[in-house]
Amino acid sequence: MSLYPIVREILFRFDPEVVHKLTLNLIGLCGRVPPIAFLLRHIYSVPAQPIECFGLTFPNRIGLAAGYDKDGTAWHGLACLGFGHIEIGTVTPKAQPGNPKPRLFRLPEAQALINRMGFPGRGAEFVARQLRRKIPAEVILGVNLGKNKDTPLERAAEDYLTLFDIFAPLADYLVVNVSSPNTLGLRQLQARQALDELLDKLYQRRQETQKALGKRVPVLVKIAPDLADRELDDVLEVVALRGMDGIIATNTTVRRQDLTPDILKLSPNASESGGLSGLPLFWLSLAMVRKIRQRAGERLPIIGVGGIMGRDQAKAMLDAGANLLQVYTGLVYRGPGLVKEIVVG
Ligand SMILES: Cc1cc2nc3c(=O)[nH]c(=O)nc-3n(C[C@H](O)[C@H](O)[C@H](O)COP(=O)(O)O)c2cc1C
């Protein structure tokens, strides 16, 4: 029997961001103490189910979504919890504080979170130092890239190129995040022309550096669940045109109406502004993954993320066409046994 419901009961009495920081530090510390790391692996590791995706071999289909380990300080410990891949970030070129607190809210009645973090982080150089310690093949590490708050939208590409140069040698794959709702204007980069210009520059940079790097680093694009069908078609066309390696669907939603479960009735925190994640997001993300698979055909790799709280949602997301999956809010509500629950049952 899992003890996590009792642990969660205690953790949920404290401020969500404080609890997140403490658990992240604890997981990071455990990962650096070999006997504890060994024990964690013994408890949480899952049988290998290797899967090939955009040129990489993932140990299994379940990964940790961006935002959990923004600065890459705890990936050693997180790797002991059974994840086949871990996505670090969002990383911005310079360190920045993010939005004023409070900026993370629980909606336990709906198994959801609302956040308006705004990419707080210690900046690219700090994160790069954490990754240089990586033992190859230990776990697949992605790095999710975003622009600084004070970089004007017209110059956003410079931030992404700076980050590409720093992380292409260190990461297994990179993600262009143009879908977080908490950095003003960021999601406008999903519009056809803006996205085309940005991805074209990244494409060129990848071509120029490929020889020196000795590898072709896969680049994926992470999108919002709130795109209309026409906007999604534009994104898919540009992604194909610019040779991107896949789509991550989806980020959090700014929607509050018409969600199942009806969070507006269920939770007092539902009126907080920011991105909503967890169970109410599941149907939106699932629909998005299904549409992408129908429109883009069989070959485009899709990482499905949004409201995966257990085995049922994971299976539905794979049936809808996802190749890999990621979780975040599920980890908060179901605890560290989630990966094992999904993979082993
Ligand atoms: C507190 C919090 C912070 C997040 N930060 C980021 C981020 O920095 N970059 C990003 O691409 N997604 C971020 N996300 C979105 C998640 O990666 C994921 O796409 C989303 O939460 C949906 O998955 P879930 O329902 O399993 O949480 C964040 C989510 C949460 C809850």
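Residues numbered from 1 in each chain as written. Predicted model: local features only at pLDDT ≥ 70, side-chain atom pairs only at ≥ 80, totals over all residues. Heavy atoms only, no water.

Caption draft 1: Examining the pairing of strand β9 (residues 219-223) more closely. Extensive coverage of β9 is indicated by the burial of 5 of its 5 residues. Of the two faces of β9, the one holding Val219, Val221 and Ile223 and the one holding Leu220 and Lys222 are both buried throughout. Taken together, the 4 bridges between strand β8 (residues 173-177) and β9 define a ladder with parallel strand orientation. Paired with Val175 across the two strands is Leu220, which belongs to β9. Following the chain from β8 across helix α7 (residues 192-213) to the adjacent parallel β9, one finds a crossover that is right-handed. Inspection of the sheet shows β9 paired to strand β10 (residues 246-249) by 4 bridges, in the parallel sense. Bridge pairing links Lys222 to Ile248 in β10. (Buried < 20%, exposed > 50% of the residue type's maximum accessible area, 1.4 Å probe, protein only. Helix = DSSP H or I, 4+ residues; strand = E, 2+ residues; numbered from the N terminus. Pairing = 2+ DSSP bridges. Right-handed = clockwise from strand over helix to strand, strands pointing away.)

Caption draft 2: Molecular detail of empty space enclosed by the protein. For the structure shown, the criterion picks out 2 cavities of 30 Å³ or more. Empty space within the largest cavity amounts to approximately 450 Å³. As for the largest cavity, its lining consists of 34 residues, and the residues nearest its centre are Ala66, Asn115, Asn251, Thr252 and Tyr328. Looking at the lining of the largest cavity, the elements that each hand over two or more residues are β4 (85-91), β6 (112-115), β11 (275-278), β13 (324-327) and α12 (329-334). Here the residues of the lining of the largest cavity are counted per class, giving 13 nonpolar, 19 polar and 2 charged. Considering only enclosed or pocket space, the second largest cavity measures out at about 30 Å³ in volume. Around the second largest cavity sit Lys70, Asp71, Thr90, Val91, Thr92, Phe119, Pro120, Gly121, Arg122, Gly123 and Val127, which together line it. (1 Å grid on protein atoms, 1.4 Å probe; cavity = no way out; pocket = protein on both sides within 12 Å on 5 of 7 lines; lining within 4 Å. Points joined across faces, edges and corners; volume = space filled by probe spheres on them. Nonpolar A, V, L, I, M, F, W, Y, C, P; charged D, E, K, R; others polar.)

Caption draft 3: Highlighting the packing of helix α8 (residues 229-241) against helix α10 (residues 282-296). Across the interface, α8 lies against α10 with an axial gap of 11 Å and an inter-helix angle of 55 degrees. In terms of axis orientation, α8 runs oblique to α10. Regarding α8 and α10, the two cross each other, and that crossing is right-handed. Contact residues: α8 offers Asp229, Leu232, Asp233 and Leu236, while α10 offers Met288, Lys291, Ile292 and Arg295. (Axes fitted to C-alpha atoms, helices over the stretch in contact; angles between N-to-C directions. Parallel < 35°, antiparallel > 145°, perpendicular 65-115°, else oblique. Left-handed = near helix turned anticlockwise from the far one by under 90°. Contact = heavy atoms within 4.5 Å.)

Caption draft 4: Representation of the pairing of β4. Taking burial as the measure, the 7 residues of β4 include 7 buried ones, the bulk of the element. The sheet contact formed by β4 and strand β7 (residues 140-145) spans 6 bridges and is parallel. Bridge pairing links Ile86 to Leu141 in β7.

Caption draft 5: Highlighting the packing of helix α5 (residues 124-131) against helix α6 (residues 156-167). Between α5 and α6, the least distance of the axes is 10 Å, while the angle of their chain directions is 20 degrees. Looking at the two axes, α5 sits roughly parallel to α6. The two elements α5 and α6 meet at a crossing, and its hand is right-handed. Contact residues: α5 offers Ala124, Glu125, Val127, Ala128 and Leu131, while α6 offers Leu163, Ile166 and Phe167. Split by residue class, the contact of α5 with α6 holds 7 nonpolar, no polar and 1 charged.

Caption draft 6: Spotlight on the sheet that holds β6. Pairing is antiparallel in the open sheet, where 3 strands are placed in the order β5-β6-β11. Every other strand in the sheet has two partners, leaving β5 (104-107) and β11 as the edge strands with one partner each. On average, adjacent strands in this sheet sit at an angle of 25 degrees to one another, irrespective of strand direction. Direction of pairing for β6 relative to β11: antiparallel, over a ladder of 4 bridges. In the strand pairing of β11, Asn115 is matched with Gly275.

Caption draft 7: A look at the packing of aromatic side chains. If you walk through the whole model with that rule in mind, you get 5 aromatic pairs. When the ring of Phe12 is compared with that of Tyr333, the centres are 5.4 Å apart and the planes differ by 90 degrees; the resulting orientation is edge-to-face. One end of the pair, Phe12, is in the loop between α1 (4-11) and α2 (16-32); the other, Tyr333, is in helix α12, and 321 residues separate them in sequence. Between Tyr68 and Tyr328 the ring centres are 5.2 Å apart and the planes differ by 70 degrees, which places this aromatic pair in the edge-to-face class. You can see Tyr68 sitting in the loop between β3 (62-64) and α4 (75-78) and its partner Tyr328 sitting in the loop between β13 and α12, a full 260 residues away along the chain. An aromatic cluster of three or more residues is present, and its members are Phe54, Phe58 and Tyr173. The ring of Phe12 carries the charged tip of Arg106 above its face, separated from the ring centre by 4.4 Å. (Phe/Tyr/Trp six-rings, centres within 6.5 Å; stacked < 30°, edge-to-face > 60°. Lys NZ or Arg CZ within 6 Å of the ring centre and 35° of its normal.)

Caption draft 8: Looking closely at the pattern of salt bridges. Counted by the stated rule, this structure contains 19 salt bridges. With a closest N to O distance of 2.7 Å, Arg103 and Glu17 form a salt bridge. In this pair, Arg103 is assigned in the loop between β4 and β5 and Glu17 in helix α2, connecting sequence segments 86 residues apart. Measuring nitrogen to oxygen at the nearest pair gives 3.1 Å for the salt bridge that ties Arg192 to Glu237. Note that Arg192 is positioned in helix α7 and Glu237 in helix α8, a separation of 45 residues in sequence. Judged by relative accessible area, which is 35%, Arg192 ranks as partly exposed. The network of salt bridges with common partners includes Asp229, Asp233, Lys291 and Arg295. (Salt bridge = Lys/Arg side-chain N within 4 Å of Asp/Glu carboxyl O.)

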